[in-house]
Each structure stands twice: as C-alpha cells, then as structure tokens.
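What follows is the residue order along each chain.
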Amino acid sequence: MANVQTVTGACSPDALGTTLMHEHLLIGWPGWEAHGEEDRVQRRERIARCVDQLHELHGLGVSTLLDPCPIDLGRDVELMAEVAQRSKVRLVCATGLYKEDQGAPVYFKFRQQFGDALSEMTDLFVSELTEGVGETGIRAGVIKVATSAHQITPYEELVLRAAARAHRATGAPITTHTDEGTMGVQQLDILTSEGVAPSAIVVGHSCGSSNLDYHLAMLDRGAYLGFDRFGLELLHPDRARQAALIGLLGVGFEKQIVLSHDTVWCWRGRAPTIPASILADWHPTHVFRKIIPRLREAGVSQAKIDTMLIENPRRYFAEAGTARC
Ligand SMILES: [Zn+2]
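This write-up is about the structure you can find in this document.

Conventions and cut-offs
- Residues numbered from 1 in each chain as written.
- Predicted model: local features only at pLDDT ≥ 70, side-chain atom pairs only at ≥ 80, totals over all residues.
- Heavy atoms only, no water.
- Helix = DSSP H or I, 4+ residues; strand = E, 2+ residues; numbered from the N terminus.
- Rg over C-alpha atoms; globule rule 2.2 N^0.38 Å.
- Buried < 20%, exposed > 50% of the residue type's maximum accessible area, 1.4 Å probe, protein only.
- Contact = heavy atoms within 4.5 Å.
- Areas by Shrake-Rupley, 256 points an atom, 1.4 Å probe, with all protein chains shown as cover.
- Pairing = 2+ DSSP bridges.
- Axes fitted to C-alpha atoms, helices over the stretch in contact; angles between N-to-C directions.
- Parallel < 35°, antiparallel > 145°, perpendicular 65-115°, else oblique.
- Left-handed = near helix turned anticlockwise from the far one by under 90°.
- Nonpolar A, V, L, I, M, F, W, Y, C, P; charged D, E, K, R; others polar.
- Donors = N, O, S within 2.8 Å, 3.2 Å for Na, K, Ca; no water.
- Right-handed = clockwise from strand over helix to strand, strands pointing away.
- Polar contact = N/O pair within 3.5 Å; in protein donor to acceptor, adjacent residues only side chain to side chain.
- Expected span 1.5 Å × (residues − 1).
- Arc of directions from axis to C-beta.

What follows deals with the overall build of the chain. On a plain count of helices and strands, the chain comes out with twelve helices and twelve strands. For 325 residues, the compact-globule estimate of 2.2 N^0.38 gives 20 Å, and the C-alpha radius of gyration of the chain, at 18 Å, lies within 12% of that figure. For the C-alpha atoms alone, the extent of the chain along its principal axes is close to 55 × 45 × 35 Å. Of all 325 residues assigned to the chain, the portion counted as buried reaches 58%. For the chain, long-range pairs separated by at least 24 residues make up 78% of all intrachain contacts whose partners lie at least 6 apart in sequence. Just so you have it, the chain exposes about 13200 Å², and 51% of that area is on carbon and sulfur atoms.

What follows is the structure, encoded as structure tokens:
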C-alpha cells in the first residue's frame, strides 16, 4: 500500500480518518497578480483564518482535507504547509492544471506549437509528485485535471493525458473538475485509454447533475463520484444533489461516492464581495451540520455515511498505485 503525500510528509492511508475530498484554502484567478502587493499584506491573516477553519472542522471530526488547487489557480503549497503545521488536520495538495477558460493555458499551448507539451506537462506533474513543488520539497499527493461545460478542448485533453501518464509513473490518484454535470464519462474515456483504472479517479462535481443515467455510466465502470459541491445552491440545488445521492445510496453505491463542498476560504489578489445569499450554506461544515442529518432522516445508515467520509478516501489513496484497468 502506497503512502499518502501530505504537505507535511507521508502518512498511511489508514491514518486519514474523516476526509473532506475537495475544499480550497486559497485560490486566485489567473491575473490576481494585478493586486499582488495587497495579496502579500494579507498572508498572515489568511493563514490565521485557515487555521481557525480547520480547528472548527477538527471539532466535527475531520482529520484530513484535500485541496485540489491546480498549479495555475494561485496555488500556494507553503501557505498550506504552514497552516497544516499549526492545525490538527492533515492537508493534501495537488499538481495538475485547470480547464481552458478559467485556467492559464497560454504557456503550454504556446509550447505545444513548437514542441511536445504533453511530455513537458507529464514531467512537471511527476516531479511535483516525487520531488516536490519548485524548491519547497512539498510533494503533491494527487493530480488535478479539469474540463469545460459540454466539451473537452484539445488543451484540456492534453492535460488529461499528461495526468494519466503521471499517474502511471507514480501511482498518485487523479481528481477532476467537471462543469454543469457534464463530460465525466468522456474524462473516463480519455484517462482509461491511457491505462488509468477508474478506481484511481474521483470524477469531481458529479453532483452538478442529478441525472442517474450519467451517474450510473461512471459508477458501473468503477469510478468514484464527487458529491463535493454541497451548499453551492446557485449552481445546482442541494435538494437535487441529495435526491440523487439518496437514490444511489439506496441501491448500494456508497463505496464509490465521496462528500465535500468545494468551498474557497481565501482569494488571492482582492477578495470578491459575494452576496450573503450565496454564502448561506457554502461552508465546509455544511455536510456535517445539515446534509448528514437529512440523510439520516431519509433512512441512510451511519455506516454508509462513514464509508463515504472515511473508507472511500482511504481506499482511493491506498489502491490508486496498484489499480489496473
Ligand atoms: Zn474546486
């Protein structure tokens, strides 16, 4: 069994405990450097805010959190390590690149015109997984990929293939971003065509759709589905996410579903002013305070909830390196 690389060192998958599989301490949209000076001033306050948030989550039983921020969304692994050192929650960071319309595709698209960006991306991901991010020595524990709504662009496909090759070289699992509950099946097509087993993949934001045919097409192949945007009412209502989840649990898919919120705690550059109505339930404790009680009320056993929060993250990390398709 492979160890999990956290930002503060390796740990056994057996030690992960209750794990939130998709939250963000910090992200920055490409271009955040426009307010880079203000960004630096806020660093200490951001670290304190993240430590406080993890303290609250630890009180609810969370012991590990995966922040799948890709390279090009303002990722700061040193901030993550400092936060982890000051809290009781382990943090796992990612390598990988974001989707074309909101990431920073220009660099590798330019390189692809004159060379082999696929190899360069693969080498970069492998190096961040095995040696560390830049000079930090902090190793990524997972590979992040992302696709657009209703399409996978040629650039995004390049990133998916590089991620698959980095997975094959290192055994690190893959976690994905999908938009509007689309393209998860096609993500699996590309990743498995490169030899990745579906059980090494979390298809993220699968709860952005409540179409059971879409979910079953991925579950039947053995992938994990991320029901990882609870509280993001604006994108897809919680009621619809819960209805799909309760249905899938009712027919025995608890071993292939992970839970989270995709919250963002700090923004690089200037923080946006987000209306309070959007923030009402978009909080990393929402699953524990509201969703789990509702699942229990609907007759979902505590054992199934524990499987999604504890056993699935453990198995995903423990078996990714040996999974075969
Ligand atoms: Zn995310």
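Read across the open sheet, the eight strands follow the order β3-β5-β6-β7-β8-β9-β10-β11; overall the sheet is parallel. Of all strands in the sheet, those bounded by a partner on one side alone are β3 (18-20) and β11 (257-259). Averaged over all neighbouring strand pairs, the angle between strand axes comes to 30°, with direction disregarded. The pairing of strand β6 (residues 90-96) with strand β7 (residues 142-146) spans three bridges and is parallel. Bridge pairing links A94 to V142 in β7. Sheet strands in contact with helix α5 (residues 117-130) are β6 and β7, and its direction is about 160° off that of β6.

Moving on, we get to the side chain of H286. Within the secondary structure layout, H286 lies in helix α11 (residues 286-297). A relative accessible area of 3% places H286 in the buried class. For H286, the residues in contact, after removing those within four places along its chain, are F230, G231, D238, H261, D281 and I291.

Between helix α7 (residues 184-193) and helix α8 (residues 212-219), the least distance of the axes is 9 Å, while the angle of their chain directions is 20°. With respect to their mutual orientation, α7 and α8 come out roughly parallel. As α7 runs across α8, the sense of the crossing is left-handed. On the side of α7, the interface is formed by G184, V185 and L188, while α8 contributes Y214, A217 and M218. For the contact of α7 with α8, the class distribution of residues is five nonpolar, one polar and no charged.

Before going further, it helps to examine the coordination of the zinc ion. Every protein donor of the zinc ion is accounted for by H22 (NE2), H24 (NE2) and D262 (OD), and the metal-donor separations fall at 2.1 to 2.2 Å. Summarised as a motif, the one-chain spacing of the donors to the zinc ion is H-x1-H-x237-D. Under the relative-accessibility criterion, H24 is labelled buried at 6%.

With five of five residues buried, β7 lies mostly within the body of the structure. Side chains of β7 alternate between two faces, with V142, K144 and A146 and I143 and V145 buried alike. Inspection of the sheet shows β7 paired to strand β8 (residues 174-177) by four bridges, in the parallel sense. When the sheet's bridge partners are listed, V145 is paired in β8 with T176. In terms of handedness, the path from β7 via helix α6 (residues 154-170) over to β8 forms a crossover that is right-handed.

For the rest of this paragraph, the subject is the pairing of β8. A regular strand carries its side chains on alternate faces of the sheet. With burial as the criterion, each face of β8 is covered, one bearing I174 and T176 and the other bearing T175 and H177. Relative to strand β9 (residues 201-203), β8 runs parallel, the two sharing two bridges. Paired with T175 across the two strands is V202, which belongs to β9. For the crossover that starts at β8, traverses α7 and ends in the parallel β9, the hand is right-handed.

Relative to the elements of secondary structure, T19 occurs in strand β3. Look at T19 and you get buried, because its relative accessible area is 1%. In terms of polar contacts, T19 uses its side chain to reach the backbone carbonyl oxygen of G17, at 2.8 Å. Apart from the residues within four sequence positions on either side, T19 is in contact with T64, L259, L309 and P313.

Right, let's talk about α5 for a bit. Along its 14 residues, α5 runs 20 Å from first to last C-alpha, staying within 8% of the 20 Å computed at 1.5 Å per residue. Regarding α5, the residues found buried are A117, L118, M121, T122, F125, E128 and L129. What you see down the axis of α5 is that its buried residues fit within an arc of 135°, all on one side. G132, located one to two residues past α5, shows a positive phi value of around 135°.

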